[in-house]
Amino acid sequence: MTNFIPIFPLGIVVYPGEDLNLHIFEPRYRQLINECNNAKKPFGIPTVIDDHVNEIGTLVEITEITKVYDNGEMDVKTKGLKVFRILEILKDVPEKLYSGAIVNYPENHKKGSAKLMKAVIEGIKQLHGILHVTKEFKNPENELSSYDVAHHAGLSLEEEYELLGLFYETQREEYLKRHLAKVLPVAAEMELLKNKIQLNGHFKNLKSFDL
């Protein structure tokens, strides 16, 4: 299935099911939001990396326009729906300030591995513990998917985009598991280093060494 969608390229990765709050200030995107909201139609957010619009993005729906400012700017709540692939970007759309794209929707296999997901969640908990970060997941642990936890795993933008391009849940879970196995030792070492730096210059009560 292919269709035309308005697009709002951003330097972020949005995952299906994710709640995303946006402040809209450019006239072209104010037009996009108003038209999509009035027509109850979704729009696409393709990921921009190094000033390049990538082919994979996420279709989102507007759930609420929470505030409209006197100058026309808006605060908008949106929710990720599904992943799309851009076939062609249409920079000039008749009578529109914004651009659009012809897209299709790759089949996305959502069945994952409970064992893999448990390992991912435990790894994220360890990472947050090392970094002294507290994050609450929106669903019970046995209902979480890779999309629900990906932003909590310390991925770079490029890595988050790579994950978005994986269309099997088990692949996404394995990707997160391997990433965490790589970053956990580094995070632990950095925390130890930070503690050492913080102790430098403090009065120390140390036991002497007998020669």
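The structure under discussion appears in the preceding block.
Just so we're clear, the structure is a prediction, and the values are computed from it rather than from any experiment.

**Q** Would you take a moment to explain the pattern of salt bridges for this structure?
**A** Side-chain pairs of opposite charge can arise where the charged atoms are in close proximity. Evaluated as defined, the whole model comprises nine salt bridges. With a shortest N-O distance of 3.6 Å, Glu 55 and Arg 85 are connected by a salt bridge. Within this pair, whereas Glu 55 is found in strand β4 (residues 52-68), its partner Arg 85 is found in strand β5 (residues 74-90), the two being separated by 30 residues in sequence. What makes Glu 55 partly exposed here is its relative accessible area of 42%. What makes Arg 85 partly exposed here is its relative accessible area of 27%. A salt bridge links Lys 125 to Glu 141; its shortest N-O distance comes to 2.6 Å. Taken as a pair, Lys 125 in helix α2 (residues 114-131) and Glu 141 in the loop between α2 and α3 (146-149) lie far apart in primary sequence, 16 residues in all.

**Q** So what exactly am I meant to see when it comes to unusual backbone geometry here?
**A** Of all residues except glycine, most have a negative phi; of all peptide bonds, most are trans. Located in the positive-phi region is Asp 50, a residue other than glycine, with phi close to 50°. Considering the arrangement of structural elements, one finds Asp 50 in the loop between β3 (43-49) and β4. Overall, Asp 50 belongs to the exposed group, its relative accessible area being 70%. Residues other than glycine seldom take positive phi values, yet His 132 does so here, at roughly 60°. With respect to the helices and strands, the residue His 132 is situated in the loop between α2 and α3. Relative accessible area serves as the criterion here: at 59%, His 132 is assigned to the exposed category.

**Q** I keep staring at the packing of aromatic side chains and nothing clicks. Help me out?
**A** The relative placement of two aromatic rings is captured by the distance of their centres and the angle of their planes. Applying the stated criterion across every chain yields a total of three aromatic pairs. An angle of 35° between the planes, with centres 6.4 Å apart, marks the rings of Phe 8 and Phe 43 as tilted. With Phe 8 in the loop between β1 (2-6) and β2 (19-24) and Phe 43 in strand β3, the pair connects residues that are 35 residues apart, well separated along the chain. For the pair Phe 8 and Phe 43, a shared accessibility class is recorded, and that class is buried. With 5.5 Å between their ring centres and 25° between their planes, Tyr 15 and Tyr 147 make a pair best called stacked. One end of the pair, Tyr 15, is in the loop between β1 and β2; the other, Tyr 147, is in helix α3, with 132 residues separating them in the sequence. These aromatic residues form a ring-pair network of at least three members: Phe 8, Tyr 29 and Phe 43.

Thresholds, definitions, all that
- Residues numbered from 1 in each chain as written.
- Predicted model: local features only at pLDDT ≥ 70, side-chain atom pairs only at ≥ 80, totals over all residues.
- Heavy atoms only, no water.
- Salt bridge = Lys/Arg side-chain N within 4 Å of Asp/Glu carboxyl O.
- Helix = DSSP H or I, 4+ residues; strand = E, 2+ residues; numbered from the N terminus.
- Buried < 20%, exposed > 50% of the residue type's maximum accessible area, 1.4 Å probe, protein only.
- Phe/Tyr/Trp six-rings, centres within 6.5 Å; stacked < 30°, edge-to-face > 60°.

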